[in-house]
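# Observations on the three-dimensional arrangement
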Amino acid sequence: MMKKIEAIIRPEALEPLKEALIAAHVDGITISQVLGCGKQHGWTEHHRGSDVIMNTIPKIKVTLVVTEKRLEEIIGIIIEISRTGEVGDGKIFVTDISDCIRIRTGERGEKAI
Amino acid sequence: MMKKIEAIIRPEALEPLKEALIAAHVDGITISQVLGCGKQHGWTEHHRGSDVIMNTIPKIKVTLVVTEKRLEEIIGIIIEISRTGEVGDGKIFVTDISDCIRIRTGERGEKAI
Amino acid sequence: MMKKIEAIIRPEALEPLKEALIAAHVDGITISQVLGCGKQHGWTEHHRGSDVIMNTIPKIKVTLVVTEKRLEEIIGIIIEISRTGEVGDGKIFVTDISDCIRIRTGERGEKAI
Amino acid sequence: MSINYGDCAFMLLCTALVFLMTPALAFFYGGMVRRKNSLNTMLSCFFICGLAAIMWVAFGYSLSFGKDHAGIIGGLDHIFLNGLGYEINSAYASTIPELLFAAYQMMFAIITPALICGALAERMRFSVLVAFIALWSLFVYYPLAHMVWGDGGFIKALGAVDFAGGNVVHISSGISGLVACIMLGKRRGFGLMSYKPHNIPFVFLGAALLWFGWFGFNAGSALGANELAIHAFMTTNTSAAAALLSWMLIEKIKYGKPTLMGAATGAVIGLVAITPGAGFVPLWASAIIGVLVSPICFFFISKVKAKFAYDDALDAFGCHGIGGVWGGIATGLFAQKSINPAAKWDGLFFGDARLFLAQLASIAITVAISAILTFAIVFVLKKLTTIRVSQTAESQGLDISEHSESAYPAFTGLD
Amino acid sequence: MSINYGDCAFMLLCTALVFLMTPALAFFYGGMVRRKNSLNTMLSCFFICGLAAIMWVAFGYSLSFGKDHAGIIGGLDHIFLNGLGYEINSAYASTIPELLFAAYQMMFAIITPALICGALAERMRFSVLVAFIALWSLFVYYPLAHMVWGDGGFIKALGAVDFAGGNVVHISSGISGLVACIMLGKRRGFGLMSYKPHNIPFVFLGAALLWFGWFGFNAGSALGANELAIHAFMTTNTSAAAALLSWMLIEKIKYGKPTLMGAATGAVIGLVAITPGAGFVPLWASAIIGVLVSPICFFFISKVKAKFAYDDALDAFGCHGIGGVWGGIATGLFAQKSINPAAKWDGLFFGDARLFLAQLASIAITVAISAILTFAIVFVLKKLTTIRVSQTAESQGLDISEHSESAYPAFTGLD
Amino acid sequence: MSINYGDCAFMLLCTALVFLMTPALAFFYGGMVRRKNSLNTMLSCFFICGLAAIMWVAFGYSLSFGKDHAGIIGGLDHIFLNGLGYEINSAYASTIPELLFAAYQMMFAIITPALICGALAERMRFSVLVAFIALWSLFVYYPLAHMVWGDGGFIKALGAVDFAGGNVVHISSGISGLVACIMLGKRRGFGLMSYKPHNIPFVFLGAALLWFGWFGFNAGSALGANELAIHAFMTTNTSAAAALLSWMLIEKIKYGKPTLMGAATGAVIGLVAITPGAGFVPLWASAIIGVLVSPICFFFISKVKAKFAYDDALDAFGCHGIGGVWGGIATGLFAQKSINPAAKWDGLFFGDARLFLAQLASIAITVAISAILTFAIVFVLKKLTTIRVSQTAESQGLDISEHSESAYPAFTGLD
Ligand SMILES: Nc1ncnc2c1ncn2[C@@H]1O[C@H](COP(=O)(O)OP(=O)(O)O)[C@@H](O)[C@H]1O
Ligand SMILES: Nc1ncnc2c1ncn2[C@@H]1O[C@H](COP(=O)(O)OP(=O)(O)O)[C@@H](O)[C@H]1O
Ligand SMILES: Nc1ncnc2c1ncn2[C@@H]1O[C@H](COP(=O)(O)OP(=O)(O)O)[C@@H](O)[C@H]1O
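Residues numbered from 1 in each chain as written. Chains lettered and ligands numbered in written order. Predicted model: local features only at pLDDT ≥ 70, side-chain atom pairs only at ≥ 80, totals over all residues. Heavy atoms only, no water.

## A closer look at the overall build of chain D
The condition is simple: Secondary structure elements follow DSSP: runs of H or I of four or more residues count as helices, runs of E of two or more count as strands, with numbering from the N terminus. Atoms considered for the radius of gyration are the C-alpha atoms alone. The globule rule reads 2.2 Å times the number of residues to the power 0.38. Each residue is assigned to one of three classes by its accessible area relative to the maximum for its type, calculated with a 1.4 Å probe on protein chains only: buried under 20%, partly exposed between the two thresholds, exposed over 50%. Contacts are assigned to residue pairs with any non-hydrogen atoms lying within 4.5 Å of each other.
Across its full length, chain D holds 14 helices and zero strands. For chain D, the α and β elements follow one another from N to C terminus as α-α-α-α-α-α-α-α-α-α-α-α-α-α. At 20 Å, chain D has a C-alpha radius of gyration in line with the 22 Å of a compact globule built from 415 residues. A principal-axis box enclosing the C-alpha atoms of chain D has dimensions of 65 × 50 × 40 Å. Residue burial in chain D is summarised as follows: out of 415 residues, 73% are buried. Expressed as a percentage of contacts within chain D between residues at least 6 apart in sequence, the contacts between residues at least 24 apart total 76%.

This is the structure we're talking about:
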C-alpha cells in the first residue's frame, strides 16, 4: 500500500524539513503554497498606524507519497521538525493512493514511488 | 471516518464562502490558487483591440477535512454560497482520509481535525 | 468508481498536454504550480559568475477526475506527451474519489464529473 | 524683464519632473490596493494625465490665470491658450514665457485631482470617477488656483502665501477626498477585514519618484534657477528626510519595528508639509515641519479615522489634507520675509501674527470651498446615477468589473 | 555664434532623458510578453544601450553626420568622434558644442533599433538579434539619419521636415519591424491562443517613463532651451493627452470599458504621432493629431493585423510605423513656417501643397529604404543561420532557452 | 566670479538625479535578494535618504567641507549649514552658490553608505544597521570626503585626483562592505544553497535608474553645464556601454548565454569604474576602462569570493570596491591634464609616473582608512549588542522578523 502524506506547515519550517527529509532518503517531495485558516488567526501587521488582522495565513503544503512501511517514520520526522508547540503548527493528512506511475519509465506501483 | 472536501470555486465566491464556513465553525480551511479548464472556457478579454480567449481560468481550490457526520452540511453550505447557476460554478470532490495528525500535540484521528 | 489523477510534470509539457487532453474530451482539468524535488536535482544557473544549484524545481501539477473506465486511457496520454526519457519527467498518482458534486446543478457521482 | 534661458531650461525640466509625479502617484496608490483593484487604481490617476491636460489647454489655464473676475475666477481670454505667446507675463513669472508658465501649472492641475483618487479607491464606478474629476477640476481647482495664485485672486489679497500649493493642491484634494469618500460609503468589510497592499515595492517606487519629482514641484515654484529655488530645494529635502525618520521612530516606539511602507508614507507627508512653506521658511524650520508632520498624520490615520470610521482608503485626507493644513499653519509660524519678499509679514514665531492669521483664514476658506463644492458635485452625481460598483463587482475586484483586465495575467508562468 | 550654457544645461539633461527611454521601452515591452519571455524582451532592448552606443562613438556619428557623400551617407572624418571638440558646428546646432549634439543624437541611435524588437519578441534567437541590430544600425539607421538630418542629406534637400524623428526613428523602425516579423514567422499558436501580458503595471511604468523621456526627445530637438522647445513641449504633451483619451473612448465604445493597457498604448502613439511635427504645427493641430492617431492605429492593430495575419508581436509596426506615417502626413497638413522657419512652406491645410508632397515623398522613400534593406539583412541572416529558436525552446520560453535565467526565481517565497 | 544661472539650473537637476540613485540602488539590491528579505533590503537603502540627509545638514557638510583641521577633517563652522548663503565659495565651485554645492554633495553622502548595505544583506539586525550607518558616516565618510575633496585635505594635496568619487564613494563603501560582511558572518547555508533573486526586472530597473542618475553624478561633478560636463557625460556613457558588452561577452564565452542580470551588473560596474576618471581621461580611454572592468570584477565575484568564502551578498565589494580601485588606477594611467587642469600631471600611459603613484597612494590610504575604521566600528557594535538576527529570523526572512511586513501581501489575489 502507498500512502500520500499532506502536511500543512509553517513557511519557516520548510527549509529544515526539506533537509531532514532529504537526509531520510525520501523519494520525492512536492511543495506548494497555500493560505490557511485554523486555530491560529494571523499575526498583526501595522500599515500606517492601523492594526490589521490577517485572516488567512500563508502556509506551505508538503506532499509526499511513501510506502506504508515508511509512513510512521516520515510522520515522526515531520512532527519533530515542525512542532513549536504553539498554535499554528499545522496538520498532517494521510490518504491512500491506489496507483503511482513514473512517467519516465512507465513503472507502476511501489517501485515507481 | 474523515473526509476531505476539495471544492474548485470561482475566485469571487471565496470571501463569502470563508465567512459562511467560519460561521459554521469548521475546524480549518486550506486555500490555494489553481487554473481551471472545464465547461466554462474563459471570458473574453480585449488587448489593444484584439479579442483573445483565455483558455484557462483562475479558480480557487478550498480544501477542508471534516468528520463524516458533517460532510453533507458542509457540502450544502458550499453549494449554497458558490452557486450562481451559470457555467463555471465549479465542482466538489470528496476523498477518504485515512489519518489526520495535529502537529502541535501529536493527537491523531478525528480529534485532530 | 471515480479516480483522481494527479500528474506532476515539467512546465514545458503543460501546453501540449492541455491540447491533447482537450482533444481527448476530458471533462475538466485543474492546474497548479508546485515546487518539486525528486530524482532530478535542479539545473545550474549562473548569477554573476557563480554556479548555483537550484535545489527545488518548478513543476506543474495537473489534476483530473475521471471515471474508472477512462483511467488507463488518460494515463496513457499523459505518459505519451510528458515523457522525454530523462530524469525529471515526473510522476502520476491515482486516488479513489468517493463523491463528486457539480455545484451549478447539484448533480452527484459520475454524471457530475 | 527679459527671458532668461537658464531659467527656461530649468523650468522645462521641472515641468517634466512634475509630470512624472502623477504616474508616480499611480504606483504609490496602485501598490497599496489589493491586486484585484490595482489597474483600476493606476488608471484612475493616469487618465487624468489626458483629461486634465486637455481641459487645461482648452479653458483651465484661462479660468485660473486669465483676467480676474471678482477675485474668484479668471476669464475666457486665454481659451485654447489663445494669446499665449512667448511673451513674459510679469504678474506670474518675470523671466520665462507665459506659455512655459502655463505648461508648468498644467502639471499641477493634473496631479491635484489625481490625489483625491486615493480616498475613493476600490469601490467607485470608473465612468463616474471620470465625470467627477472633470467637474471637480472645473468647479474647485480652477477657482482655487485663481484665488490663491491668480492675479487679483482674493486669497492672495489676504496676504496669505502658498509657495508650491499647500492650499491649492494638498488641502483641496485632501478635504475633497474626505467628503467624497464619506458620501461614497465604505468598502465592503470595512472594520472587519484588512485590505492588504499587493505590492509594497511599487508603493516605494511611487514614493521615490514622487520625492524626485517634488524637487521640480517645490524648487520649480521659484520659477527660475535662482537662489530661492536652491533654498526651496534644501527645505524640501530636509523636511522629507525628517518626516521619514520621525515616522520610522513612531513605528519603532509603538510596534517595535519600522516598516518600508511607513518610511515611504513619512517621506511623502514630509514633502506635503513643506510644500506651502518651502520658499518661505528657514532651513531649520523645515526640519521641525518634517519632524512634526509624522505624529500629526499618524494620529489622524490611526486614531481619528478609526474613531469616525470614514473609509479614506489610501489616506488622501490623512496625508494630503492634514499634512497640507499643518504645512499652511507652519508657514504662518516660520515664514520670513527676508527669505522671500512675497511674504508681507514674518511668521508668528518671529512675533508678528498677521501672516499667521492670514494663513488660518486661507486654510479655512480652502477647506470650506473644497468641502462644499465637492459635496455639491457628488450630490448631483448621486442623483443622476449610481456612483458605486455593485457588491459583486466589488468582491470580484474593479480591474475585472470596470476594465475586464487583470494586472498580471501571465505571471503564474503557466502558458 | 557662441556657446550658450543654459542651452548646454538643457541639452545635457535632455540627453539623459532620451537615454532613459530605452530602459522605459524595455519595461513597456517586457511587461507585455508572457513571463517566460520577459527577461529576453528586456535584454533585447537593454543590450542596445551598450552596442549602439559603442558603434555610434566608433563610426555611427561620423557616418550619420560626417562629411556628406552623394546625399546618402556621411564620411569617416569623425570616426571615434575624432575631431569633435567643444566647437560649434553650426550646420547642426548653433549654441552647443558638437560633442553634445553627438551625445544627444547617440540616444536616438539607441532607441530606434530597440523599437524594432517589439515586432520580433518571443521567438528570435538572441545572438541573431544582436547581429541584426548591428547590421540594421549600419545599413539603415546611419544612412537614413544622414539623408533626413545630415548636412547635405537628400531627403532634407527635398524640403521635407522631421522635427524629432518621425521618419528616422518611428517609420524606419516600424516598417523594418513589419518586414522582419513576417520573415521571422509567427509565434507558436498564433491565431489559436492568446499571448497574455505578464505584468501590466510594468507596461504602464514603461509608458510613463517614455512620456517623461519624450519631453527630452521632442523639446530637446529644439537643441536649446528656447521658445521652440517650449512650443514642442506643449504640442507633445497635448498630443499624448488627446490620444490617451481617444483610445480610451474607442475602448469604451467598442467594449464598454477602457483599460490601462489601452490608455498606455494611446499615450505612446500620441507621442509617436507628434514627433515629426512637434516643432512645426500649432498647438490646436497637435490635439487633432493626437485624437486621430488612436483610431488609425487601433484599426491597424485590430483589423489589418488580423486580416493579413502577420505576427507583429508588440505592435512595433502598428504603433510606431503607422503612428509615424500619420505624424509625417499631419506635419505636411498643419506645419507653419511662422512657427519654425526650418519649414520652407506652410502645410496643405494652409493652402500650400509643396510641403505636403515633400512629406509624402520623404515617407515613401523612408518606407522603401527600410523595407528593402531590412529584407536584405534578414535574408542574408537566414541564409547564414537559423534565426528562430526551436519549437521546444519557444514553448519553454526564451528566458530559459536563450539566457538560462528566469524573471522571478524566488518570487514564490519558498526559500 | 559670479553666479551663473545656467549652471545653477544644471546643478539643481543633477542634484535631483543623484538623489534618485539611492532609491534606484534599493531596487537594484532589493530585486536581487530572496522575497522574504526584499523590503528589509530596500529600507536599508531608503532610510539613509532620511538619516544621512539630516546628519549632513546638521554637521556632515561642516565636517567634510568646513575649515580644515590637519588635512583630515573639516571644522564645526558650518554646523546646521550655518553661514552658508548664496555666496560662492570658490574653493569648491566658482559659479554656483555654496548652498547648492552642499545640496549636491549631500546626495553623495546618502548613496555612499547605502552601497555598503549590499554586502550586509539578508542577515543584519536593522537597528544595528542604523547605528552602523550613522557611525560610518561620521567616522569614515566625512573625514574621507574632506581628505579627498575638502579644501586642505591631505589626499588632495598628494596630487591624486578623484573626479566624482572613486575613492570617496566606491572604494570606501566597497572595502567597508568587505570588512563588515566578514565580521558579520555568512548567511545560513552559504556554499550549500543558492540565494535566488526574487525579481530580476527590479534589478534591471535599479540599474537603468542608476545609469540615468549617474549622468548627474559624473557630469554634475563638473559643477556646471560646461565643456567638462559634456566630456564627463560621454566618457560615462561609453564606459558603461563597453562594460555592459564585455560582461555579456564573458557570459557568452563561459556559459554560452548572456543574461539580463549580467548586463545590468556590467553597466553598473562600468559606471563605477569611470567615476574617478570621467573628467580626466580621453574618450577612447573610457572605452578601455569599461571593457576591462567586467573581467576584473567577474574574476573577483566568481573566483576570489568563492575561494576566500566571504559572503559579500550582493557584491558591494566585488562591484564597487574592485571597480573603484580599477577606476582609480586607470585614472592614473590615462588622465590628461589638457582635459582637466585639476590634474597636475598626465597619466602613466603618457609617460609620467607621478599621477599614477599618487593614485596608488590615495587608493591605499582610502583602503586602509576604510578597513580600519569599519573594523573598529563593527568591533564596538559587536561588543555592545548582537549584530545578526537569530537563526530562526534569518530563515523566516528579515521582512517579517525586522519589520513585520511582507512585500506582496495581496499578490496572490485571494482577497
Ligand atoms: N480541518 C482542516 N481542513 C483543512 N485544512 C486544515 C484543517 N485544519 C487545519 N488546517 C490547515 O492547517 C493549518 C494549521 O492549522 P492550525 O489549526 O493553525 O494548527 P494548530 O491546530 O496546530 O494550531 C491551517 O492554517 C489550515 O491551513
Ligand atoms: N473532471 C475534472 N477534474 C478536475 N478538475 C475539474 C474537473 N471538472 C471540473 N474541474 C474544475 O472545476 C472548474 C469548474 O468547472 P466547470 O466545468 O467550469 O463548472 P460547471 O460544470 O459548473 O460549469 C474547472 O475550471 C476545473 O478547474
Ligand atoms: N514520492 C513522491 N512524493 C511526492 N512527490 C513526488 C514523489 N516523487 C516525485 N515527486 C514529484 O515528481 C517530480 C518529478 O520526479 P522526478 O523524480 O524528478 O522524476 P523522474 O523519476 O522521472 O526522474 C518531483 O519534482 C516531485 O515534485
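## What to know about the relation of the copies chain D and chain E
Inclusion rule: To line up the copies, we fit them by least squares on C-alpha atoms, keeping just the residues with pLDDT of at least 70 in both.
Superposition of chain D onto chain E requires a rotation of 120° combined with a translation of 0.0 Å along the rotation axis, giving an RMSD of 0.0 Å. Viewed as a symmetry operation, the transformation between the two copies matches a three-fold axis. If distances are taken from each C-alpha of chain D to the rotation axis, the shortest is found for Gly6(D), at 2.4 Å. An overlap of only 15% is found between the interface residues of chain D and their copies at the interface of chain E, pointing to separate contact surfaces.

## Some remarks on the interface of chain D and chain E
Condition: Computed with a 1.4 Å rolling probe, the buried area is the accessible surface lost when two parts are put together, summed over both parts. By definition, a salt bridge exists where a carboxyl oxygen of Asp or Glu is found within 4 Å of a side-chain nitrogen of Lys or Arg. For the purposes of these results, a polar contact is taken to be a pair of N or O atoms within 3.5 Å, where, inside protein, one atom must be able to donate a hydrogen and its partner to accept one; residues adjacent in sequence count only when each atom of the pair is a side-chain atom. Asp, Glu, Lys and Arg are counted as charged, while Ala, Val, Leu, Ile, Met, Phe, Trp, Tyr, Cys and Pro are counted as nonpolar; the rest, among them Gly, fall into the polar class.
Across the contact, 54 residues belong to chain D and 49 residues belong to chain E. Interface of chain D and chain E: buried area, both sides summed, is about 4400 Å²; carbon and sulfur atoms make up 80% of it. The tally of links between chain D and chain E comes to zero salt bridges. Our count for the contact surface shared by chain D and chain E stands at eleven residue pairs in polar contact (both at pLDDT 80 or more). For the side of chain D that touches chain E, the elements supplying multiple residues, two or more each, are helix H1 (5-32), helix H2 (38-65), helix H3 (98-120), helix H4 (126-149), helix H7 (200-218) and helix H14 (398-403) of chain D. Ranked by residue count, the leading element in the side of chain D that touches chain E is H1(D), at 14 residues. When its residues are assigned to classes, the side of chain D that touches chain E shows 41 nonpolar, ten polar and three charged.

## Some thoughts on the pairing of strand S2 (residues 29-37) of chain B
Looking along a regular strand, one sees side chains alternate from face to face of the sheet. The test is simple: Pairing between two strands is assigned when DSSP locates at least 2 bridges connecting them.
Within S2(B), eight of the nine residues are buried, which leaves it mostly tucked inside the rest of the structure. One ladder, built from three bridges, connects strand S2 (residues 29-37) of chain A with S2(B); its direction is antiparallel. Residue pairing in the sheet places Cys37(A) in a bridge with Ile29(B) of S2(B). Pairing analysis gives seven bridges linking S2(B) to strand S5 (residues 57-67) of chain B, with the strands arranged antiparallel. Paired with Val34(B) across the bridge in S5(B) is Lys59(B).

## Some words on the packing of helix H1 (residues 14-23) of chain C against helix H2 (residues 68-82) of chain C
Residue and element names in this part refer to chain C. Note the threshold: Orientation is described by lines fitted to C-alpha atoms, with helices fitted over the stretch in contact, and by angles between N-to-C directions that extend from 0 to 180 degrees. Each angle gets one of four labels, with under 35 degrees taken as roughly parallel, over 145 as roughly antiparallel, 65 to 115 as roughly perpendicular, and the rest as oblique. Take the far helix as your reference; a near helix turned counterclockwise from it by less than a right angle gives a left-handed crossing, and one turned clockwise gives a right-handed crossing.
Packing of H1 against H2 brings their axes to within 10 Å, and their N-to-C directions diverge by 150°. The angle between the axes of H1 and H2 places the two elements in the roughly antiparallel class. As for the relative orientation of H1 and H2, their crossing is right-handed in sense. Of H2, the residues touching H1 (which contributes Pro 16, Leu 17, Ala 20 and Leu 21) are Ile 74, Ile 77, Ile 78, Ile 81 and Ser 82. Looking at the contact of H1 with H2, its residues break down into eight nonpolar, one polar and no charged.

## Observations concerning helix H10 (residues 283-308) of chain F
Residue and element names in this part refer to chain F. Let me state the cut-off plainly: In this scheme, a helix's expected span is set at 1.5 Å multiplied by one less than its residue total. The quantity called bend is, for any residue, the angle between two axes fitted respectively to the seven residues ending at it and the seven beginning at it.
Here H10 contains 26 residues, and its C-alpha end-to-end distance of 36 Å stays within 8% of the 38 Å for a straight helix at 1.5 Å per residue. At Phe 300, H10 is deflected by roughly 30°, the largest bend along its length. Following H10 by one or two positions, Ala 309 has its phi on the positive side, about 50°.

## Digging into the environment of Glu19(B)
In this structure, Glu19(B) sits in helix H1 (residues 14-23). For the pair Glu19(B) and Glu80(B), spaced 61 residues apart in sequence, the C-alpha separation works out to 13 Å.

## Brief notes about the packing of aromatic side chains
Stated formally: Planes of paired rings set the category: under 30 degrees apart is stacked, over 60 is edge-to-face and the rest tilted, where pairs are Phe, Tyr or Trp rings (Trp by its six-membered ring) whose centres lie within 6.5 Å. The criterion for a charge sitting over a ring is simple: Lys NZ or Arg CZ within 6 Å of the ring centre, and within 35 degrees of the ring normal.
By the definition in use, this model includes 117 aromatic pairs over all chains. When the ring of Phe108(D) is compared with that of Trp149(D), the centres are 6.0 Å apart and the planes differ by 85°; the resulting orientation is edge-to-face. Placement of Phe108(D) in helix H3 and of Trp149(D) in helix H4 is noted, with a sequence separation of 41 residues between them. Here Phe108(D) matches Trp149(D) in class, with each residue buried. Taking 6.2 Å as the distance between ring centres and 35° as the angle between the ring planes, the aromatic pair formed by Phe28(F) and Tyr29(F) counts as tilted. The exposure class of Tyr29(F) is buried, given its relative accessible area of 1%. Above the face of the Phe308(F) ring, Lys307(F) is positioned so that its terminal group lies 6.0 Å from the ring centre.

## Overview of the confidence of the model for chain D
Worth spelling out the cut-off: Each residue carries a pLDDT value, the predictor's own confidence for that position, ranging from 0 to 100.
When pLDDT is averaged across chain D, the result is 96; 99% of the residues are at 70 or more. As scored by the predictor, the complex reaches a pTM of 0.95 and an ipTM of 0.93.

## Side note on the packing of helix H8 (residues 227-255) of chain F against H10(F)
All names here are of chain F. Here H8 crosses H10 at 40°, and the two axes come no closer than 7 Å. Comparing the axis directions of H8 and H10 gives the class oblique. Helix-helix and strand crossings are classified by hand; for H8 and H10 the assignment is right-handed. For the contact of H8 with H10, the class distribution of residues is 15 nonpolar, eight polar and two charged.

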